[in-house]
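Chains, contacts and geometry: an overview
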Amino acid sequence: MGRISLFADIAGRPTRTVDGNPLVTAGVVAFNSADLPLLRSKTPATLPKWKHLTRPAARRAVQFLLDHAVVVSSVTVNRDTAQWAAALEDSDRLHAKIASQSRAKAGWAKLPIVLAYELLSRACFLALAHVLRTQRPQHVFAHLGATAIECDVVCDKEFSADEDIEVFTSFWDDKHVPTEALWRLGYTVTHPSVTVTTDDDERLLMWADIAAGMCHSARLPKPGRIAMPLTCTVSRRLLEPLAESNKLALDAYAFGTTYDDVFGEVMNVVRGDAPLS
């Protein structure tokens, strides 16, 4: 395995308010890149999105993932924390400062988009870590004995402004990859292609939509006002074969990111009266 492709989507609503349901889930499906043309041909034109999924369709989707996915990963965040409320205030301060100085939209500074960046990245990293851990015997060795992995990333369009997409794709630049840490573990990892698109243009994103939805539902015994197409119990039961085959990697955390973590010294300027440089 020299090249994999990660398809990522979000279930739940990464909105400012936590009323009703504070959880948001990112799901990732990893496929061998060499298999993508065949998998696109095998993706039914009538495949329903998560919000319209029935139990029989979900069972067929899980079987497809069992047959073809390298891993399905998901990360769920609980936004009902004091840190979320504090980050909302800092988000408003930063965005107001940017808008007053440059009149830029700067969606990348708004907390729901920052959260989408964080969730999608964490779910992709979890999927990649699973691949590195479980698929090592199939890897192709590069120079000096390190295992070379090319990892393409395809995300559903959770943000649409060109500037917001540019910020997201920059996370995967070589300068942001922990090259030395990966080298010490025996790997070189590159990301030749990072794409933000829709499932109309890339049908394989449908599998990420379904995976994210089922993993999200599996965390929600009480989903609140928004009904799930499948209950928590049903989703958990249907996901069991993926877990038993070691193709399911799950994580969850309480939101604890601060704007100082993300934007550093800029926040000291924002909280004062000095202009942004």
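Look up a bit, the structure's there.
Read on for an overview of the structure. In this text, all values refer to a predicted model and were calculated from it rather than measured experimentally.

Along the polypeptide, Ser217 turns up in helix 7 (residues 205–217). Overall, the relative accessible area of 0% leaves Ser217 in the buried class. Those residues in contact with Ser217 that lie beyond four places of it in its chain are Trp50, Met228, Leu230, Thr231, Cys232 and Ser235.

On to the pairing of strand 3 (residues 71–78), then. Taking burial as the measure, the 8 residues of strand 3 include 7 buried ones, the bulk of the element. In this sheet, strand 3 lies alongside strand 2 (residues 23–32) in antiparallel orientation, the contact comprising 8 bridges. For Val28, the partnering residue across the bridge sits in strand 3 and is Ser73. In this structure, strand 3 lies alongside strand 8 (residues 248–254), joined through 7 bridges in parallel fashion. Opposite Val77, over in strand 8, you have Tyr253 as the bridge partner.

For any two aromatic rings, the description comes down to two numbers: the centre-to-centre distance and the angle of the planes. Overall, the coordinates contain 13 aromatic pairs when judged by the stated rule. Judged by centre distance (5.9 Å) and plane angle (55°), the rings of Phe7 and Phe31 are tilted. With a gap of 24 residues between them, Phe7 in strand 1 (residues 3–11) and Phe31 in strand 2 connect regions that are remote in the sequence. Taking relative accessible area as the criterion, Phe7 reaches 1% and is therefore assigned buried. We note Arg79 situated over the ring of Trp84; from NZ or CZ to the ring centre the distance is 5.5 Å.

All right, on to the side chain of Asp156 then. Within the element layout of this structure, Asp156 appears in strand 5 (residues 147–156). Here Asp156 occupies a buried position and makes no salt bridge, while the nearest side chain of opposite charge, Lys49, is found at 5.8 Å.

The next subject is the pattern of salt bridges. Enumeration over the complete set of coordinates arrives at 10 salt bridges. Between Asp152 and Arg3 there is a salt bridge, and its shortest N-O distance comes to 2.8 Å. Taken together, the residues Asp152 in strand 5 and Arg3 in strand 1 connect sequence positions 149 residues apart. What makes Asp152 buried here is its relative accessible area of 9%. Between Arg122 and Asp251 there is a salt bridge, with the nearest N and O atoms lying 3.7 Å from each other. Of this pair, Arg122 sits in helix 4 (residues 111–134) while Asp251 sits in strand 8; the two residues are 129 residues apart in sequence, bridging distant segments of the chain. Arg122 gets classed as partly exposed once you look at its relative accessible area, which sits at 32%. Asp251 sits in the partly exposed class, given a relative accessible area of 30%. Taken together, the shared-partner salt bridges connect Glu89, Asp90, Arg93, Asp260 and Arg271 into one network.

About the thresholds
Residues numbered from 1 in each chain as written. Predicted model: local features only at pLDDT ≥ 70, side-chain atom pairs only at ≥ 80, totals over all residues. Heavy atoms only, no water. Helix = DSSP H or I, 4+ residues; strand = E, 2+ residues; numbered from the N terminus. Buried < 20%, exposed > 50% of the residue type's maximum accessible area, 1.4 Å probe, protein only. Contact = heavy atoms within 4.5 Å. Pairing = 2+ DSSP bridges. Phe/Tyr/Trp six-rings, centres within 6.5 Å; stacked < 30°, edge-to-face > 60°. Lys NZ or Arg CZ within 6 Å of the ring centre and 35° of its normal. Lys, Arg positive; Asp, Glu negative; His and termini not counted. Salt bridge = Lys/Arg side-chain N within 4 Å of Asp/Glu carboxyl O.

By themselves, these observations are geometric and do not establish any function.
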